[in-house]
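Fold and contact review
So the chains spell out like this:
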Amino acid sequence: MESKLSENERIKAASKYLRGTLEQSLADGMTGSLSEADTQISKFHGIYQQDDRDLRQQRRARLLEPYYSFMLRARLPGGVCTPEQWLIIDEVGRNLAGGSLRLTTRQTFQYHGILKRNLKGLIQRLDQALIDSIGGCGDVNRNVCCNPNPLLSELHAEVYDWARRISEHLLPSTRAYHELWLDGEKVASGEDQEPIYGPTYLPRKFKTAIAIPPHNDVDVYANDLGFVAIVEDGRLQGFNVLAGGGMGSTHGDRSTFPRLADELGFVEPHQVLAVAEAVVTAQRDFGNRCERKHARLKYTIEKMGLEEFRTEVERRSGCSFAPARPVQFTDHGDRYGWVKGTDNRWHLTLYIENGRVSDTPERQLQTGLREIARIHQGDFRITPNQNLVIANVRERDRDGVEKLARRYGLLRDSVSVLRRNSMACVALPTCPLAMAEAERYFPDLVTEIEALAERHGLSDIGTVMRMTGCPNGCARPFLAEIGFVGKAPGRYNLYLGGDGTGTRINKLYRENIDARTILEIVDELFGRYSRERNQGERFGDYAVRAGIVPRVVNPARDFHD
Ligand code: SRM
Ligand code: SF4
């Protein structure tokens, strides 16, 4: 029996290449929201309709419609922007959005709390900074991540250029964005074309990242499409291509699971765009368009089998994969403070707790970064761990940048390694899918875990801890050594056993536990770890070696067991 296409497929097909009825929805002053179908189409333009969940009940009781506002996610390949762009990004956040910025786990920034009437002006102002939000969300290729490692300056520039080119190559080509937001000339929708995507785009979101070993800050194995740079004698030889990674799952649903991407093989740089396009079109044609829960590339590969998928990509791209080259990753976090690149430029990585750029009574992060942008001659790089690098600072400008960073409290030397290696997703109050708090609660939990670490003589451990408000996995908790995943208000599933390099999926240890139980468990396990660990052994490796959790080898089979 043939299955029915999902509702999203009908909406995309009827959208006339992503126009939908957005023009009318935006003009409707009677509501702060868009029509139901337009809330799906707006995502392709980088826009999510949300409502403040803290206010839901109160407003319902007063018979008011939810407090609607919008989140906009920009496209910023490799997370790189200039100081001039930063100043506009900052200004837009203060004037047209909720006041602050949010750096994301995919190296871009989001605004929350944008009112419908301000959307167009906001997009136009960003356009003046040459920043767009096309494909920030939606069933297309999203922001392309790229290792921001400034140490290897020339190599970073070359690899970053590939991130930019892949992003451009896989952009939707519809003129809808220009027409709707930038007053571009109207094109009859029938004349639009999508040579790569076709009129119904992809079955589901699609993510691409490039890593430069030994650093895996981008968590390359969590992406639908990954490129691992192969460097010999300081020169880029090509890339190992990976396909089929992803984090999203549903509690208790064994047909969904996080998955590490598989190796397809090695290609030379000139083959990158053809291979990227072939992976995308194979997913376009073979992905599941009936059940969105099973529509990501990881499920397509599980169903087709890796060999058949590889052959399909080779056929479409005209490239033959050579055997993947051996690679070794050592970490998937950021390196903080000042470092000097191979070209003698300086780079300062700042810790930004959970990516939230705002002024607080303790530190004026937003103001400080604005002041730095006013004097900075290099660039800014958002990291895949929600932090920020003030990059390419000349020797003679270093003191000036450092002085401002100190004045506004941006250099948080006393922050523990544990906290620096932790991150949380947005969750409440804006995320409609959150089952529990993450960003607003995690810093407090980390404080309590820091105290436990200290009690057991583990103050210097850099255990990677991540929290999300639901199992969609936006802070990639299933790659953490300790992952907390929201189950219900105040309750989390606890996962253990990531390897600290983003190359092993962790395993459920306890389900649906509250903060008190979490702390009791961590206390006990840290005690055991401090007594029984081998020299240099990470907590996640210890948890697997000691049999606290089994090693997850095949998540499709044993993630939920
Ligand atoms: Fe995510 C949905 C926030 C990275 C997996 N994610 C959402 C939404 C848009 C909720 C929604 O659908 O309405 C969240 C908006 C919250 C808010 O109020 O801002 C949201 N995701 C985020 C961000 C902002 C988290 C953060 O704290 O930084 C990240 C934005 C990245 C970006 O700039 O593009 C973010 N999301 C991720 C990642 C990490 C990554 O890509 O490396 C993942 C796991 C990897 C993956 O895709 O498998 C991720 N987000 C999801 C999923 C599950 C997808 C799946 O295959 O099941 C959803 C839900 C969905 O798509 O249905 C989701
Ligand atoms: Fe929302 Fe869940 Fe993503 Fe957190 S992990 S931002 S709660 S969808």
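None of these values were measured; they are calculated from a predicted model.

Within the chain, the regular secondary structure consists of 18 helices and 20 strands. A globule of 561 residues ought to have a C-alpha radius of gyration of about 24 Å, and the chain, at 23 Å, matches this closely. With respect to the principal axes defined by its C-alpha atoms, the chain has extents near 70 × 55 × 55 Å. Across the 561 residues of the chain, 60% fall into the buried class. Across the chain, every contact between residues at least 6 apart in sequence was considered, and the portion connecting residues at least 24 apart equals 68%.

Close to ligand 1 lie 30 residues; Thr104, Met247, Thr430, Cys474 and Arg476 are nearest. Contacts to ligand 1 include Arg204, whose side-chain N or O atom sits 2.9 Å from an oxygen atom. Contact distances for ligand 1 include 2.7 Å between an oxygen atom and a side-chain N or O atom of Lys207. Contributions of two or more residues to the shell around ligand 1 are made by β1 (47-51), β2 (68-73) and β5 (109-114). For the shell around ligand 1, the residue count by class is 10 nonpolar, 12 polar and eight charged.

Turning next to helix α7 (residues 153-169). For α7, built from 17 residues, the straight-helix expectation of 24 Å at 1.5 Å per residue is met to within 8% by its first-to-last C-alpha distance of 24 Å. Of the residues making up α7, those classed as buried are Ser153, Leu155, His156, Val159, Tyr160, Trp162, Ala163, Ile166 and Ser167.

On to the coordination of the iron atom of ligand 1, then. Within the protein, just one atom coordinates the iron atom of ligand 1: Cys474 (SG), at a distance of 2.3 Å. Topologically, Cys474 is positioned in the loop between β17 (465-468) and β18 (482-488).

The next subject is the site of ligand 2. Lining the immediate environment of ligand 2, one finds Cys425, Ala427, Cys431, Leu433, Ala434, Thr468, Gly469, Cys470, Asn472, Gly473 and Cys474. The residue inventory of the shell around ligand 2, partitioned by class, reads seven nonpolar, four polar and no charged.

Moving on to the layout of surface pockets. Counted as a void, the second largest pocket has a volume near 330 Å³. Residues belonging to the lining of the second largest pocket are distributed by class as follows: four nonpolar, three polar and seven charged.

On to the nonpolar core, then. Formed by 98 residues in total, the largest nonpolar core has its most connected members in Trp86, Phe109, Tyr111, Phe309 and Leu369. For this core, the leading source of residues is helix α9 (residues 272-286), giving eight residues. With residues up to four places along the chain from it excluded, the contact list for Leu369 reads Trp86, Leu350, Val357, Phe380, Leu388, Ile390 and Leu410. Grouped together as the second largest cluster of nonpolar side chains are 41 residues, Leu452, Leu458, Ile461 and Ile521 included.

Here the focus is the packing of aromatic side chains. Per the stated rule, a full pass over the model turns up 17 aromatic pairs. Summarising the aromatic geometry, the rings of Tyr529 and Phe539 are spaced 5.3 Å apart at their centres and angled 90° between planes, so their arrangement reads as edge-to-face. Of this pair, Tyr529 sits in helix α16 (residues 515-532) while Phe539 is found in helix α17 (residues 539-545), placing the two residues 10 residues apart along the sequence. For Tyr529, a relative accessible area of 3% puts it in the buried group. Exposure remark for Phe539: the relative accessible area of 2% places this residue in the buried category.

Let us now look at the sheet that holds strand β20 (residues 507-513). Each strand in a sheet pairs with another by means of backbone hydrogen bonds, the pair being arranged parallel or else antiparallel. Pairing is mixed in the open sheet, where five strands are placed in the order β16-β17-β18-β19-β20. Each end of this open sheet is capped by a strand with a single partner; those strands are β16 (422-424) and β20. Shown here is a sheet whose adjacent strand axes are inclined to one another by a mean of 15°, direction ignored. Bridge count for β17 against β18 is four bridges, and the pairing is parallel. From the neighbouring strand, Met467 faces β18, where its bridge partner is Phe484. Sheet strands in contact with helix α15 (residues 442-455) are β16, β17 and β18, and its direction is about 150° off that of β17.

Looking now at the packing of helix α5 (residues 83-96) against helix α12 (residues 365-375). The interhelical angle for the contact between α5 and α12, taken along N-to-C directions, is 150°, at an axis separation of 8 Å. When the axes of α5 and α12 are compared, the pair comes out roughly antiparallel. Classified by chirality, the crossing of α12 by α5 is left-handed. Note on element contacts: α12 touches α5 through Gln366, Leu369, Arg370, Ala373 and Arg374, opposite Pro83, Trp86, Leu87, Asp90 and Arg94. Residue composition of the contact of α5 with α12, grouped by class: five nonpolar, one polar and four charged.

The residue Gly226 is located in strand β8 (residues 225-232) in this model. Gly226 gets classed as buried once you look at its relative accessible area, which sits at 0%. Remark: the alpha-carbon pair of Gly226 and Trp162, spanning 64 residues in sequence, is separated by 12 Å. Beyond its immediate sequence surroundings of up to four residues, Gly226 is in contact with Ala209, Val220, Asn240, Val241 and Leu242.

As summarised here, the arrangement of the five strands in space is β3-β14-β15-β12-β11, forming an open sheet in which the pairing is antiparallel. If you trace the sheet from one side to the other, it starts and ends with β3 (80-81) and β11 (337-340), each paired once. Here strand β12 (residues 346-350) pairs with strand β15 (residues 388-393) via four bridges, running antiparallel. What sits directly across from Leu350, in β15, is Leu388.

Moving on, we get to the pattern of salt bridges. Counted under the stated rule, the structure contains 50 salt bridges. Here Arg75 and Glu168 are joined by a salt bridge, their closest N and O atoms 3.4 Å apart. Residue Arg75 is found in the loop between β2 and β3, and its partner Glu168 is found in helix α7; the two are separated by 93 residues along the sequence. A residue is classified by how much of its surface remains accessible, and Glu168, at 41% relative accessible area, is partly exposed. A salt bridge links Arg316 to Glu312; the nearest nitrogen and oxygen atoms lie 2.7 Å apart. Of this pair, Arg316 and Glu312 both sit in helix α11 (residues 306-317), four residues apart, which is roughly one turn of the helix. Arg316 gets classed as partly exposed once you look at its relative accessible area, which sits at 27%.

Calculation notes
Residues numbered from 1 in each chain as written. Chains lettered and ligands numbered in written order. Predicted model: local features only at pLDDT ≥ 70, side-chain atom pairs only at ≥ 80, totals over all residues. Heavy atoms only, no water. Helix = DSSP H or I, 4+ residues; strand = E, 2+ residues; numbered from the N terminus. Rg over C-alpha atoms; globule rule 2.2 N^0.38 Å. Buried < 20%, exposed > 50% of the residue type's maximum accessible area, 1.4 Å probe, protein only. Contact = heavy atoms within 4.5 Å. Near = heavy atom within 4 Å. Polar contact = N/O pair within 3.5 Å; in protein donor to acceptor, adjacent residues only side chain to side chain. Nonpolar A, V, L, I, M, F, W, Y, C, P; charged D, E, K, R; others polar. Expected span 1.5 Å × (residues − 1). Donors = N, O, S within 2.8 Å, 3.2 Å for Na, K, Ca; no water. 1 Å grid on protein atoms, 1.4 Å probe; cavity = no way out; pocket = protein on both sides within 12 Å on 5 of 7 lines; lining within 4 Å. Points joined across faces, edges and corners; volume = space filled by probe spheres on them. Core = buried A, V, L, I, M, F, W, Y, C linked by side-chain atoms within 4.5 Å. Phe/Tyr/Trp six-rings, centres within 6.5 Å; stacked < 30°, edge-to-face > 60°. Pairing = 2+ DSSP bridges. Axes fitted to C-alpha atoms, helices over the stretch in contact; angles between N-to-C directions. Parallel < 35°, antiparallel > 145°, perpendicular 65-115°, else oblique. Left-handed = near helix turned anticlockwise from the far one by under 90°. Salt bridge = Lys/Arg side-chain N within 4 Å of Asp/Glu carboxyl O.

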